[in-house]
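Residue-level structure breakdown
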Amino acid sequence: MIEDYQLEELEVSLVLQTLQKCTGVDFSDYAKSSMLRRLTDVKDSHGFANIADFIVPILHQPGFAHQLHQALSITATEAFRFPYAFIQIKEAVIPALKTYPFVKIWHAGCSTGEEVYSLAILLKEEGLLERVQIYATDYNETVLEKAKQGCFDSRDIEKYENNYQQSGGRLKFSDYYHIEGEAAFFDKELSENVLFSCHNLVTDGCFGEMHFILCRNVFIYFNRNLQDRVLGLFYESLVSRGFLCLGDKESLAFSELKEAFEEVNIKARLFRKQPVEVSS
Amino acid sequence: MIIIGASAGGAKLLKAMLAEIPVNTRQSFCVVLHRSESCEQSYAELLKDACLLPVYEPEDKQAVVEGCVYIAGSRYHLLFENKNEFALSVEQPICYSRPSIDVLFSSAARVYRQELIAIVLSGNNADGSNGCKEVIRHGGQVWVQSPLEAEFPVMPSSAIDAIDECMVLTVEQIIKRLKKTV
Ligand SMILES: C[S@@+](CC[C@H](N)C(=O)[O-])C[C@H]1O[C@@H](n2cnc3c(N)ncnc32)[C@H](O)[C@@H]1O
């Protein structure tokens, strides 16, 4: 007789397989522990008794598979999250970026955009904003739409103001947004050079010639195998000596490519692509 | 595996308990302690001097090794991916807490099943009680600090109310029992 917990694992794998067959999205290399939490939450919000109850609507209810796919991403984010990283970006990355006539930056897994606007604020204060093209991508269209609008919950203002100050901001956070009712909106000027677009790190290809890639708090949801693959994608997308920033508990330790990056600041999770060796 | 959840009034109990664990233990300990996010000192620093075992704040995919104390760092939920590996998540706080006791306990319940002891100490909210339900559902044990003794009884009381079978103990009794299992 199959035990309860094994049953649950079987259900999860059947649901993810069905989802993959129907939509092409592949969650098989995602961390199992948080996937199970997410599926359980969505199951409860639908009033389903079992995780396996997803299977019939995925197969037969138009739009359901897509909706589920979107609902499975964990999108919690904040402005100037882990302020220390922004201090280090200012010290170690910005001076190098200033040496280029034109700079390309990629936020992979940007969620609702707070991280994108935060970096844009820093770039503006450093006089670099006009010279950059920023690509902000996520596979979740709902959060991308919100990111484009640049809106955030006005209840978060105090926390963001705090983070901004700790990140070494030169002015006041309130210089960069305005309030309409319950929502606050980042100034439009900050996103003039930002291109928000849908991109799935599991299936989509590389973005050329980036000087700086930020992919923070996305790897924690990937298993080692997928981390390794996506790191390869970043390696391909970076210019020689380009920078990479991960989330503050993430690492390159599980990748065969870790030798291809040097540590710039380990606490801030800042890395730099080693110069490509030209074999003679 | 021994998992411990504590909040207000729990830090000193935690230190007292861990101080009694001998270095050669084959058990591991995994702790969620609620603290303010702005607190500068790392969680591991807080416990390091209090016990003989090595103390770590797990990072993404850190290995689970016997004879160690793991304490969830700030701003991330801590989970067990399996018996060998931790996982982290930034999903929304539970009971205003990230790390949350519920998240740790639920994932540990599934991974360790009958080989799990969950301990709930003093605290001022109900985080942990849903996790305790999961621990029981998967065949683990729950030990709860007596609300009569706890400086803040809400957390232990909520845990006791949430489940049918648990042991209600004083910290002294918890330490005695722990010493037998390690
Ligand atoms: C926790 S948020 C991180 C947001 C932000 N970078 C930060 O650190 O605050 C993770 C984001 O990664 C996105 N994501 C997960 N898997 C992805 C994939 N395969 N391709 C693109 N984005 C992905 C999710 O949709 C989610 O918005």
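Residues numbered from 1 in each chain as written. Chains lettered and ligands numbered in written order. Predicted model: local features only at pLDDT ≥ 70, side-chain atom pairs only at ≥ 80, totals over all residues. Heavy atoms only, no water.

**As for the interface of chain B and chain A**
For clarity, the cut-off: The contact criterion used is simple: two residues touch if any of their non-hydrogen atoms lie within 4.5 Å. The term buried area means the drop in 1.4 Å probe accessible area that two parts suffer when joined, counted for both and summed. Definition used for salt bridges: Asp or Glu carboxyl oxygen within 4 Å of a side-chain nitrogen of Lys or Arg. We call two N or O atoms a polar contact when they sit within 3.5 Å, provided that within protein one can donate a hydrogen and the other can accept it, with sequence-adjacent residues counted only if both atoms are side-chain atoms. In DSSP terms, a helix is any run of H or I states spanning at least four residues, a strand is any run of E spanning at least two, and both are numbered starting from the N terminus. Basically, the charged four are Asp, Glu, Lys and Arg, the nonpolar ten are Ala, Val, Leu, Ile, Met, Phe, Trp, Tyr, Cys and Pro, and anything else, Gly included, counts as polar.
Between chain B and chain A, the contact holds 28 residues from the first and 31 residues from the second. At the boundary of chain B with chain A, total buried surface from both sides reaches about 2400 Å², with 45% on carbon and sulfur atoms. Applying the counting rule to chain B against chain A returns nine salt bridges. At the junction of chain B with chain A, the criterion picks out 15 residue pairs in polar contact (both at pLDDT 80 or more). Listing elements by their share of the side of chain B that touches chain A, those giving two or more residues are strand 5 (77–82), strand 6 (85–89) and helix 3 (101–112) of chain B. Residues belonging to the side of chain B that touches chain A are distributed by class as follows: nine nonpolar, six polar and 13 charged.

**A closer look at the sheet that holds strand 8 (residues 141–145) of chain B**
All names here are of chain B. We apply this condition: Two strands pair if DSSP finds at least two bridges between them. Axes here mean lines fitted to C-alpha atoms, for a helix over just the part in contact, with angles spanning 0 to 180 degrees between N-to-C directions.
Reading across from one edge, 3-4-2-1-7-8-9 is the order of the seven strands in this open sheet, with parallel pairing throughout. Taken across any chain shown, the strands that pair with only one partner, and hence form the sheet edges, are strand 3 (55–56) and strand 9 (167–169). Here strand 3 runs beside strand 4 (residues 69–71); their pairing, made up of two bridges, is parallel. Paired with Y56 across the strands is Y70, a residue of strand 4. Helix 5 (residues 154–162) rests against strand 1 (2–6), strand 7 (117–120), strand 8 and strand 9 of the sheet, and its axis sits at about 145° to strand 8. Each of strand 1, strand 2 (29–33), strand 7, strand 8 and strand 9 is contacted by helix 6 (residues 171–181), which is oriented at about 150° to strand 8, the strand it contacts most.

**Considerations on the domain arrangement of chain A**
By a frequent convention, interface size equals the accessible area lost on bringing the separate parts together. Residue and element names in this part refer to chain A. We count it as follows: Delimitation of the domains relies on an automatic or database domain assignment.
Segmentation of chain A into domains returns domain 1 (4–72) and domain 2 (83–273). Computed from C-alpha atoms alone, the centre-to-centre distance between domain 1 and domain 2 is 29 Å. Of the residues lining the interface, twelve residues belong to domain 1; the matching set on domain 2 comes to 13 residues. Across the domain 1/domain 2 interface, buried area totals approximately 1000 Å², and carbon plus sulfur atoms make up 42% of it. For the interface between domain 1 and domain 2, the tally reads one salt bridge.

**Focus: helix 5 (residues 83–97) of chain A**
We apply this condition: To estimate how far a helix should reach, multiply one less than its number of residues by 1.5 Å. The classification of residues rests on relative accessible area computed with a 1.4 Å probe and restricted to protein chains. Under 20% of the type maximum is buried, over 50% is exposed, and intermediate values are partly exposed.
If you check helix 5 of chain A, its first and last C-alpha atoms are 20 Å apart, about what 15 residues at 1.5 Å a residue would give, namely 21 Å. Along helix 5 of chain A, the positions that sit buried rather than exposed are P83(A), A85(A), F86(A), Q88(A), I89(A), K90(A), V93(A), I94(A), A96(A) and L97(A).

**Considering a nonpolar patch on the surface**
Residues and elements named next belong to chain A. The cut-off we apply is this: Like-charged residues within 9 Å of one another, or nonpolar side chains (Val, Leu, Ile, Met, Phe, Trp, Tyr) within 5 Å, are grouped into patches, provided each residue has over 30% relative accessible area and no salt bridge. Note on areas: these come from Shrake-Rupley sampling with a 1.4 Å probe, and a residue is covered only by the protein chains present in the view.
Together, M1, I2, L7, L10 and L14 make up an exposed nonpolar region whose accessible area comes to about 520 Å². Here L14 lies in helix 1 (residues 4–23). Take L14: its relative accessible area is 36%, and that puts it in the partly exposed class.

**Brief notes about the site of the ligand**
Definition in use: Near is defined per residue: the residue qualifies when any heavy atom it owns lies within 4 Å of the molecule or strand.
Taken together, 22 residues sit near the ligand, with Y30(A), T77(A), R81(A), D138(A) and N200(A) positioned nearest. More than a single chain frames the ligand: its nearby residues are located in chains A and B. Within the contact set of the ligand, an oxygen atom lies 2.6 Å away from a side-chain nitrogen or oxygen of R81(A). In this structure, G109(A) approaches the ligand through a main-chain N or O atom, which is 3.1 Å from a nitrogen atom. Compared with its free state, where it exposes 610 Å², the ligand has 99% of that area covered by protein. Here the residues of the shell around the ligand are counted per class, giving nine nonpolar, nine polar and four charged.

**Regarding the environment of I134(A)**
Residues and elements named next belong to chain A. By secondary structure assignment, the location of I134 is in strand 2 (residues 132–138). Note: C-alpha distance between I134 and S174 (40 residues apart in sequence) is 23 Å. Beyond its immediate stretch of four places on either side in the chain, I134 contacts I105, H107, V116, L123, N193, V194 and L195.

**Description of the nonpolar core**
We apply this condition: Nonpolar cores were defined as sets of buried Ala, Val, Leu, Ile, Met, Phe, Trp, Tyr and Cys residues, with membership established by side-chain atoms within 4.5 Å.
Counting 80 residues, the largest nonpolar core has W106(A), L201(A), F234(A), I3(B) and F80(B) as its most contacted members. It is helix 3 of chain B that provides the largest number of residues to this core, a total of seven residues. Membership of the second largest hydrophobic core comes to 45 residues, among which are V93(A), V103(A), Y176(A) and L190(A).

**A look at the sheet that holds strand 4 (residues 177–180) of chain A**
Residue and element names in this part refer to chain A. The strand order across the open sheet built from three strands is 3-5-4, with neighbouring strands paired in antiparallel fashion. Each edge of the open sheet carries a strand with a single partner, namely strand 3 (151–153) and strand 4. The sheet shows a mean angle of 35° between the axes of neighbouring strands, direction not considered. Two elements, strand 4 and strand 5 (residues 183–186), share four bridges in a ladder whose sense is antiparallel. When the bridges of strand 5 are listed, Y177 appears paired with F186.

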